[in-house]
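Each chain, written out:
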Number of protein chains: 2
Amino acid sequence: MKDAIGVVPGLAVILVGDKKDSATYVRNKKKACESAGINSFEVRLPEESTEQEVLNAISAFNDDASVHGILVQLPLPSHMNEQNILNAVTIEKDVDGFHPLNSGRLAMRGREPLFVPCTPKGCIELLHRYGVEIKGKRAVVIGRSNIVGMPAALLLQREDATVSVVHSRTKNPEEITRQADIIISAVGQPNMVKGSWIKPGAVIIDVGINPVEDETSP
Amino acid sequence: MKDAIGVVPGLAVILVGDKKDSATYVRNKKKACESAGINSFEVRLPEESTEQEVLNAISAFNDDASVHGILVQLPLPSHMNEQNILNAVTIEKDVDGFHPLNSGRLAMRGREPLFVPCTPKGCIELLHRYGVEIKGKRAVVIGRSNIVGMPAALLLQREDATVSVVHSRTKNPEEITRQADIIISAVGQPNMVKGSWIKPGAVIIDVGINPVEDETSP
């Protein structure tokens, strides 16, 4: 990286508590940084930390010129105000793209977000790499989270898909899902989408990571 | 208004050029202000004004404590950068809700925009007043403009509708529109939605204002 752009980029991760999948994500991000020549910074705070302690960690990274991006691993403990914390990340270092200003630019035509949330961006990248046409196609996004579902729907629409968003209040979700050429499923419930929900030939990306009991294990 | 809240609110409108429908909108806003006890401020600039002249007018209203809301009538002349101009309106006076920070908050769950664009908000208000249930219903928004289509889709989704957005790249728009319980049509093309596109019993709101030749006029 230093050879290519003259500076070693720095990525800071703030992890609060000890959720297992969050720790896995953070570990993988660190590994990816190493292989790409990016410096990793990490702050781990205990589950019972105060909101102010998280804000202090963000503030320090905001002011640190060797840190170019700041990730606050979600979900945060329930006693913290996620909105206050995410808004504290300076917009220029909001590499997760979770600041409302970035969401707004993603939603608006003719605007460009500074950063796009990585998981939905990865979904679009997958579709591109496999040569899946998006323009004019019917797409269904299952789930409407700020992190995956909502930005995935906005990205698909920017690529000129006709997008429908299915969520927990949708009646008869299989009916609309069965019409889709492209399905992005991002829900916290394993095995929700059944084979019968999917039109033959449709492309489906499952974003959910859920631990499932292995029936054959002892 | 003064009796109710102790202050006379002020609404400023900036109108550039002399588009007929824009002038009508502005006139109607002024009338509505009068009947509600709101002070109107107005700046009219010629079509050939520079972007800087519009920015100066916004800046003056931003600094004027008697102005509580600023509307920049759209569309602006094509030689102006809409994004630069709308971003110049201070977020606290962005009564149109067109600032990306407001769009972002509208798109995100658990966030509240300071202001919501009035036309889509009016559509939801109409549905509420007529007792139309939105939650769990299939809704189709035709058009994806920053001003109506996009925020209308986000508002319907906030009310737990299952929303699909139909636009100029949608193949076979009648097929998906015919599944909708609620249709909000916001396109610049008259007579696009045909009777055959609408499911019997569906509720449809037509937001488009288009001059149509009257065949019976002399």
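Above this text sits the structure in question.
Below you will find a few notes about this structure. Not measured: the values here are computed from a predicted model.

Cut-offs and rules
- Here the residue numbers are simple positions, counted from 1 along each chain's written sequence.
- Here the convention is simple: chains get letters from A, ligands get numbers from 1, in the order in which they are written.
- Where local features are concerned, this predicted model is filtered to residues with pLDDT of at least 70; where side-chain atom pairs are given and counted, the filter is 80 or more; whole-chain, interface and lining totals use all residues.
- In computing side-chain values, all of the structure's heavy atoms are included and hydrogens and water are not.
- Secondary structure follows DSSP: runs of H or I at least 4 residues long count as helices, runs of E at least 2 residues long count as strands, and numbering of each begins at the N terminus.
- We compute the radius of gyration from the C-alpha atoms alone; for a globule the expected value is 2.2 Å times N to the 0.38, where N is the number of residues.
- Contacts are assigned to residue pairs with any non-hydrogen atoms lying within 4.5 Å of each other.
- For the area figures, the Shrake-Rupley method with a 1.4 Å probe applies, and any residue is considered shielded solely by the protein chains shown.
- Under the counting rule used here, the positive set is Lys and Arg, the negative set is Asp and Glu, and His together with the chain ends is not counted.
- By convention, the charge on Lys lies at NZ, on Arg at CZ, on Asp at CG and on Glu at CD.
- Two strands pair under a simple rule: DSSP has to find at least two bridges between them.
- The angle between two axes is taken between their N-to-C directions and runs from 0 to 180 degrees, where each axis is a line fitted to C-alpha atoms and a helix contributes only its stretch in contact.
- Each copy is superposed on the other by least squares, with the fit set by C-alpha atoms of residues at a pLDDT of at least 70 in both.
- Joining two parts hides part of their accessible area as seen by a 1.4 Å probe, and the buried area is that hidden amount summed over both.
- The salt bridge definition used is simple: a Lys or Arg side-chain nitrogen within 4 Å of an Asp or Glu carboxyl oxygen.
- Any N or O atom pair separated by 3.5 Å or less is treated as a polar contact, with the protein-specific requirement of one donor-capable and one acceptor-capable atom, and with residues adjacent in sequence counted only for side-chain atom pairs.
- The residue classification treats Ala, Val, Leu, Ile, Met, Phe, Trp, Tyr, Cys and Pro as nonpolar and Asp, Glu, Lys and Arg as charged. All others, Gly included, are polar.
- Buried means the residue's accessible area, taken with a 1.4 Å probe over protein chains only, is under 20% of the maximum for its type, while exposed means over 50%, and partly exposed covers the values in between.

### Thoughts on the overall build of chain A
Phase 1 of the analysis: The helix and strand tally for chain A stands at eight helices and seven strands.
Phase 2 of the analysis: Taking 218 residues into account, the globule formula puts the C-alpha radius of gyration at 17 Å, and chain A, at 19 Å, falls close to it.
Phase 3 of the analysis: On the principal axes, the C-alpha backbone points of chain A span a range of 50 × 50 × 30 Å.
Phase 4 of the analysis: In chain A, 62% of the contacts between residues at least 6 apart in sequence involve partners at least 24 apart.
Phase 5 of the analysis: Accessible surface, chain A as shown: approximately 11100 Å² in total, 52% of it carbon and sulfur.
Phase 6 of the analysis: Each charge sign in chain A was given a centre, from 24 positive and 27 negative side chains, and these centres are 7 Å apart.

### Comments concerning the sheet that holds strand S1 (residues 10-16) of chain B
Residues and elements named next belong to chain B.
Phase 1 of the analysis: One open sheet accounts for three strands, arranged S2-S1-S3; its pairing is parallel. Single-partner strands in this sheet number two, and they are strand S2 (39-45) and strand S3 (69-72). Adjacent strand axes in the sheet meet at a mean angle of 15°, parallel and antiparallel pairs treated alike.
Phase 2 of the analysis: For S1 and S3, the ladder comprises four bridges, and the chain directions are parallel. Looking at the pairing, Ala12 lines up with Ile70 of S3.
Phase 3 of the analysis: Lying over the sheet, helix H3 (residues 51-63) contacts S1, S2 and S3, oriented at roughly 180° with respect to S1.

### Things to note about the relation of the copies chain B and chain A
Phase 1 of the analysis: Each copy superposes on the other: chain B lies on chain A with an RMSD of 0.0 Å after a rotation of 180° and an axial shift of 0.0 Å. The two molecules are tied by a two-fold rotation axis, judged by turn and shift. Across chain B, the smallest distance between a C-alpha and the rotation axis is recorded for Gly104 of chain B, namely 1.7 Å.
Phase 2 of the analysis: A symmetric contact is evident, with 100% of the interface residues of chain B recurring at the interface of chain A.

### A closer look at the interface of chain B and chain A
Phase 1 of the analysis: In this assembly, 38 residues from chain B lie in contact with 38 residues from chain A.
Phase 2 of the analysis: A buried area of about 3400 Å², summed over both sides, lies between chain B and chain A, and 48% of it is on carbon and sulfur atoms.
Phase 3 of the analysis: For the pair chain B and chain A, the number of links is eight salt bridges.
Phase 4 of the analysis: The residue Arg111 of chain A makes a salt bridge to Glu82 of chain B at a minimum N-O spacing of 3.7 Å.
Phase 5 of the analysis: For the pair chain B and chain A, the number of links is 14 residue pairs in polar contact (both at pLDDT 80 or more).
Phase 6 of the analysis: Of all elements in the fold, only helix H4 (82-88), helix H5 (100-107), helix H7 (149-158), strand S5 (162-166) and helix H8 (173-177) of chain B reach the threshold of two or more residues within the side of chain B that touches chain A.
Phase 7 of the analysis: Residue composition of the side of chain B that touches chain A, grouped by class: twelve nonpolar, 14 polar and twelve charged.

### Concerning the pattern of salt bridges
Between side chains of opposite charge, pairing is possible as soon as their charged atoms come close.
Phase 1 of the analysis: For the coordinates displayed, the defined rule picks out 20 salt bridges over all chains.
Phase 2 of the analysis: Across the salt bridge formed by Glu175 of chain A and Arg138 of chain B, the nearest N and O atoms sit 3.8 Å from each other. Pair noted here: Glu175 of chain A is in helix H8 (residues 173-177) and Arg138 of chain B is in strand S4 (residues 138-142), and the two residues belong to different chains.
Phase 3 of the analysis: The partly exposed category is assigned to Glu175 of chain A, whose relative accessible area is 34%.
Phase 4 of the analysis: Residue Lys199 of chain B is joined to Asp181 of chain B by a salt bridge in which the shortest nitrogen-to-oxygen separation is 2.7 Å. One end of the pair, Lys199 of chain B, is in the loop between strand S6 (182-185) and strand S7 (203-206); the other, Asp181 of chain B, is in the loop between H8 and S6, with 18 residues separating them in the sequence.
Phase 5 of the analysis: Several salt bridges share partner residues, and in doing so they unite Lys30, Glu42 and Arg44 of chain A into one network.

### So, the sheet that holds strand S1 (residues 10-16) of chain A
Residue and element names in this part refer to chain A.
Phase 1 of the analysis: The strand order across the open sheet built from three strands is S2-S1-S3, with neighbouring strands paired in parallel fashion. At either end of the open sheet lies a strand with only one pairing partner, and these are strand S2 (39-45) and strand S3 (69-72). Neighbour to neighbour, the strand axes of the sheet diverge by 15° on average, direction disregarded.
Phase 2 of the analysis: Both S1 and S2 contribute to a ladder of seven bridges, which runs parallel.

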